[in-house]
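A structural walkthrough
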Amino acid sequence: MENFNLAEALYEDTKVRDETITIKNDSALWPAPINYIAFQGLPGAIVKAIEPHTESDPIAILIQTMTVFGNIIGTKPHFRVEADKHSLRLFSVIVGATSKARKGTSGGIVTRLFEDIDDEWSRNRVKSGLSSGEGLTYHVRNPSVGFRGQDDPGILDKRLLVIESEFASVLKSASREGNILSATIRQAWDSGNLSTLTKNNPVNATDAHISIIGHITQDELKRYLSQIEVFNGLANRFLWICVKRSKVLPEGGRIHEMDLKPLTDKIRDAVEFAKSVDEIKRDAEARNIWEEVYYTLSEGEPGLIGAVLSRSEAQVMRLACIYALMDCSRVIRKEHLYAALALWDFAEASVRYIFKGKTGDDVADKIYAALHESPTGLTRTDISNLFDRHQSRERIDEALELLRQCKRVNIAHQNTGGRPIERITRDA
């Protein structure tokens, strides 16, 4: 849904501009500023309260607020897509341009807002140290009879918020041979039904409600998110959000001096309301808007970016449901759907920024990089020489076809008076 043109036209009449929220965008290459409709309702009120007192990006505050709320309310509120039940689990990763992007400070402020809402959750159901699938399953495990009849009461509260300030370590663990972390995370996002097949002590979890917040730099993400994790579906379960430091506060913020009780009271009311809701549906107006945007969301595209963005419909609906519940609404109205689309649009723009120029195919990426250095293009012979003739014609054909599908190259036939020569150039 590149550049969000369709949805932009649909909600042009409801666009909100609020100058109390500072959005920093000092680079033409950085994702365009998020549409302010994403800050509607209670999520926006939380951002407005916190933002003046932190150097963190408002978008980092927003997505972490949504993720935390989706976890604390548990698995009961959901929407359905055919036979599939989607509880409101979000996996979000804050991607800093540098290590100084103030990624982590926003998360601490957000979680503190929710600490008094549910004491059991804040003391026991917020953890870090994600390194294995078995470990993740253990923290939401079912009751069982263990070795020599030793009973394990299991975990009754299936909510678990995992906060990883060094998400690069999670990606490194997931890529290790024999580590089932990637598969377990995918199960956690999909259904919450987890299992480990260890011979001596198998552990299972049913209806687990796991949410993940991670922090990573852009360079680390590109270094450690392997092609396997992209195309096996791990990456598309996450919302990847680019952030920068929003301002410089040498003396720090003054949020500790603020009376946040009116805000926490609203959060508590929304949480209690959400816990009473079962299935969430769109109202008639939202259904019409969904019909307009659905084709664009579900169309897909080839290559790495297409793989990372391939769960756009489900991600938008999870976000829309959370916006609705934070408004104490049992149905998704147009403002909730618009806000979700705006936030998804920024997530999509972040992915395109982070992985620009990458297809996920090593051969295709090497050809494309070489074309940057050759304005007149490359012939088939040039490309073969690029790999010291160690790539087959079939493999090169496959890479060129992917580049063509991604609209990265033009392939033309040059008439030489003899056998025509194929010349590959970058698509302008």
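Nothing here was measured: the structure is a model prediction, and the numbers come from that model. (Residues numbered from 1 in each chain as written. Predicted model: local features only at pLDDT ≥ 70, side-chain atom pairs only at ≥ 80, totals over all residues. Heavy atoms only, no water.)

1. Brief notes about the overall build of the protein chain
Put simply, the rule is: The secondary structure listing takes helices from DSSP runs of H or I that are at least 4 residues long and strands from runs of E that are at least 2 residues long, numbered from the N terminus. Partly exposed describes any residue whose relative accessible area lies between the buried limit of under 20% and the exposed limit of over 50%, with all areas from a 1.4 Å probe on protein chains only and scaled to the type maximum. The contact definition used throughout considers only heavy atoms, calling two residues in contact when any of these lie within 4.5 Å. Note that accessible areas follow from Shrake-Rupley with a 1.4 Å probe, and for residues the cover is restricted to the protein chains shown.
When its secondary structure is counted, the protein chain shows 18 helices and 16 strands. Out of the 428 residues belonging to the protein chain, those deemed buried represent 52%. Contacts in the protein chain between residues at least 24 apart in sequence constitute 76% of all its contacts with a sequence separation of at least 6. Carbon and sulfur atoms make up 48% of the accessible area of the protein chain, which amounts to about 19800 Å² in all.

2. Section: the sheet that holds strand 7 (residues 159-164)
Put simply, the rule reads: Strands were regarded as paired on the criterion that DSSP finds at least two bridges between them. Note on geometry: axes are C-alpha line fits, over the in-contact stretch for helices, and angles between N-to-C directions span 0 to 180 degrees.
Read from one edge of the open sheet, five strands run 4-7-10-3-11, paired in parallel fashion. For this open sheet the edge positions go to strand 4 (126-127) and strand 11 (238-243), each flanked by a neighbour on one side alone. The pairing of strand 7 with strand 10 (residues 209-217) spans six bridges and is classified as parallel. Residue pairing in the sheet places I163 in a bridge with I213 of strand 10. Sheet strands touched by helix 8 (residues 181-190): strand 3 (91-96), strand 10 and strand 11. Its angle to strand 3, the strand with the most contacts, is close to 120°.

3. A word on the sheet that holds strand 14 (residues 378-379)
Spatial strand order, 14-16-15: three strands in an open sheet with antiparallel pairing. Taken across any chain shown, the strands that pair with only one partner, and hence form the sheet edges, are strand 14 and strand 15 (409-414). Looking at chain direction, strand 15 and strand 16 (residues 421-426) are connected through six bridges and run antiparallel. Residue pairing in the sheet places N410 in a bridge with T425 of strand 16. Relative to strand 16, helix 16 (residues 362-372) is tilted by about 80°, and along the sheet it contacts strand 14, strand 15 and strand 16. Across the face of the sheet, helix 18 (residues 393-405) comes into contact with strand 15 and strand 16 while running at roughly 120° to strand 15.

4. Here we look at helix 8
Short version of the rule: This arc is built from the directions going out from the helix axis to the C-beta atoms.
Listed as buried for helix 8 are L181, S182, T184, I185, A188 and W189. All buried residues of helix 8 project into a common sector of 165° when viewed along the axis, lining one side. Of the residues flanking the end of helix 8, it is G192, one or two places downstream, whose phi is positive at about 80°.

5. Digging into the nonpolar core
The criterion, for reference: Residues enter a nonpolar core if they are buried and are Ala, Val, Leu, Ile, Met, Phe, Trp, Tyr or Cys, with the set joined through side-chain atoms within 4.5 Å.
Judged by nonpolar contacts, the single largest core of 111 residues is most densely connected at F69, I185, I210 and W240. Of the residues forming this core, the biggest block, 13 residues, is contributed by helix 15 (residues 334-354). Within the second largest apolar cluster, 17 residues are counted, among which are A364, F387, L400 and C406.

6. A short note on the pattern of salt bridges
Rules: Within this document, salt bridges are pairs made up of a side-chain nitrogen of Lys or Arg and a carboxyl oxygen of Asp or Glu, the two lying within 4 Å of each other.
Across all of its chains, the model carries 18 salt bridges by this definition. Taking the shortest distance from any N to any O, the salt bridge between K261 and D265 comes out at 2.9 Å. Placement of both K261 and D265 in helix 11 (residues 261-275) is noted, with a separation of four residues, approximately one turn of the helix. In this structure, E335 engages R333 in a salt bridge whose closest nitrogen and oxygen atoms are separated by 2.8 Å. Judged by relative accessible area, E335 falls into the partly exposed class, the value being 25%. What emerges from the salt-bridge pattern is a single network uniting D118, D157, R159 and K275.

7. Remarks on the layout of surface pockets
Note the following rule: Of the grid points, spaced at 1 Å and generated over the protein atoms alone, those admitting a 1.4 Å probe that cannot get out make up cavities, while open sets with protein on both sides within 12 Å along at least five of seven lines make up pockets; any residue with an atom within 4 Å of a point is treated as lining. Grid points are joined across faces, edges and corners, and a volume is the space filled by probe spheres set on the points. Lys, Arg, Asp and Glu make up the charged group, whereas Ala, Val, Leu, Ile, Met, Phe, Trp, Tyr, Cys and Pro make up the nonpolar group; the residues left over, Gly among them, are polar.
Of the pockets and cavities examined, the second largest pocket occupies roughly 400 Å³. As for the second largest pocket, its lining consists of 20 residues, and the residues nearest its centre are F79, R80, V81, E82 and M317. Per-class residue counts for the lining of the second largest pocket are nine nonpolar, one polar and 10 charged.

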